[in-house]
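An overview of the molecular structure
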Amino acid sequence: MIAPDLETAVARLRELIEGSQVILPFTGAGISTECGIPDFRSPGGLWTRNKPIPFDAFLASQEMRDESWRRRFAMEESFAKARPGRGHRALAILYRAGRVAGVVTQNIDNLHQASGIPAADVVELHGNTTFATCLDCSARYELGWVKERFAAQARAPDCPGCGGHVKTATVSFGQSMPAEAMRRAEAMTLACDLFLAIGSSLVVWPAAGFPLMAKRNGAGLVIINRDATEHDDIADLVVHNDIGDVLAPFISH
Ligand SMILES: [Zn+2]
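Residues numbered from 1 in each chain as written. Predicted model: local features only at pLDDT ≥ 70, side-chain atom pairs only at ≥ 80, totals over all residues. Heavy atoms only, no water.

1. Considering the sheet that holds strand E9 (residues 237–239)
Backbone hydrogen bonds are what pair the strands of a sheet, in a parallel or an antiparallel way. The parallel open sheet is built from 6 strands, whose spatial order is E3-E2-E1-E7-E8-E9. Of all strands in the sheet, those bounded by a partner on one side alone are strand E3 (122–124) and E9. Direction aside, the axes of adjacent strands within the sheet are offset by 15 degrees on average. Lying over the sheet, helix H9 (residues 179–191) contacts strand E1 (23–27), strand E2 (103–105), E3 and strand E7 (194–198), oriented at roughly 125 degrees with respect to E3. Contacting E1, E7 and strand E8 (220–224), helix H10 (residues 209–216) runs over the sheet at an angle of about 160 degrees to E7. (Pairing = 2+ DSSP bridges. Helix = DSSP H or I, 4+ residues; strand = E, 2+ residues; numbered from the N terminus. Axes fitted to C-alpha atoms, helices over the stretch in contact; angles between N-to-C directions. Contact = heavy atoms within 4.5 Å.)

Dropping the structure here:
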């Protein structure tokens, strides 16, 4: 069923939430657009104008690593300023009420953690751009440290500990999906009886497979997204209204 209006969408979503034991929110870029985070993949988005640097190119040249970090610093204003939106806050309320055990996200913006959900319960399929790690020894580096080093030596720094390359903790194109995050996302998908796909166009695989997996396993499926998705026809509820508007009523209670 596609909700004909906002009021129906909220009422039906409330019924589904109240009738479920284990709710799994799965979030994509759409939940963060009201927070000022650009949707890189959208038409006209950053990635259609500025082609992403694939992982092998990052590994292969200092020049690409420098360019990758220059781009990241250019986006820092958006990321540093962003605060959780109404969708993030509603999910944090459901988490605190014990209705949601964790969140699976395609986002790299750290906003679920900022809304109060502990990092251990946020499964990030594409990593996190708010800090960096060494690709060899996994040591963590803060962006401020990278920026300082970059400015001092006019090139992207390597790990002082082992000499490995330092990269934002995101999953780049051509980089393998994080096995542990994928395993946890699958386990959480199979454990839920209501799967909420929020703000994801559900086209990027393997992430797009999770709603299908949940549905086949007998869970209810809700899709809240501005645009239609390929999975709309199998969903129990489809909502094309604004995500913040749909989830705001769940912030208060
Ligand atoms: Zn290292």
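Past the structure itself, the notes keep going.
2. Some points on the layout of surface pockets
By volume, the second largest pocket amounts to about 480 Å³. Forming the boundary of the second largest pocket are 24 residues, of which Glu-124, Gly-127, Asn-128, Ala-169 and Pro-178 lie nearest the centre. Elements that contribute at least two residues to the lining of the second largest pocket include exactly E3, strand E4 (127–134), strand E6 (166–170) and H9. With 5 residues, E4 is the single largest residue contributor to the lining of the second largest pocket. (1 Å grid on protein atoms, 1.4 Å probe; cavity = no way out; pocket = protein on both sides within 12 Å on 5 of 7 lines; lining within 4 Å. Points joined across faces, edges and corners; volume = space filled by probe spheres on them.)

3. What to know about the nonpolar core
Ranked by size, the top nonpolar core spans 29 residues in total, and within it Leu-13, Ile-198, Val-222, Ile-224 and Leu-247 carry the most contacts. Secondary-structure elements contributing two or more residues to this core are helix H1 (6–18), helix H6 (86–96), E7, E8, E9, helix H11 (243–247) and helix H12 (249–252). The next biggest cluster of nonpolar side chains, apart from the first, holds 21 residues, and it includes Ala-181, Met-182, Ala-185 and Ala-214. (Core = buried A, V, L, I, M, F, W, Y, C linked by side-chain atoms within 4.5 Å. Buried < 20%, exposed > 50% of the residue type's maximum accessible area, 1.4 Å probe, protein only.)

4. Let's talk about the coordination of the zinc ion
Cys-134 (SG), Cys-137 (SG), Cys-159 (SG) and Cys-162 (SG) make up the full set of protein donors to the zinc ion, lying at 2.3 to 2.4 Å. Around the zinc ion, the 4 donor atoms are arranged such that angles at the metal cover 97 to 117 degrees; this shape is classified as tetrahedral. Among the residues examined, Cys-134 registers a relative accessible area of 2% and is labelled buried. A residue is classified by how much of its surface remains accessible, and Cys-162, at 41% relative accessible area, is partly exposed. (Donors = N, O, S within 2.8 Å, 3.2 Å for Na, K, Ca; no water. Tetrahedral: all angles 85-135°; square planar, octahedral: opposite > 155°, others 65-115°.)

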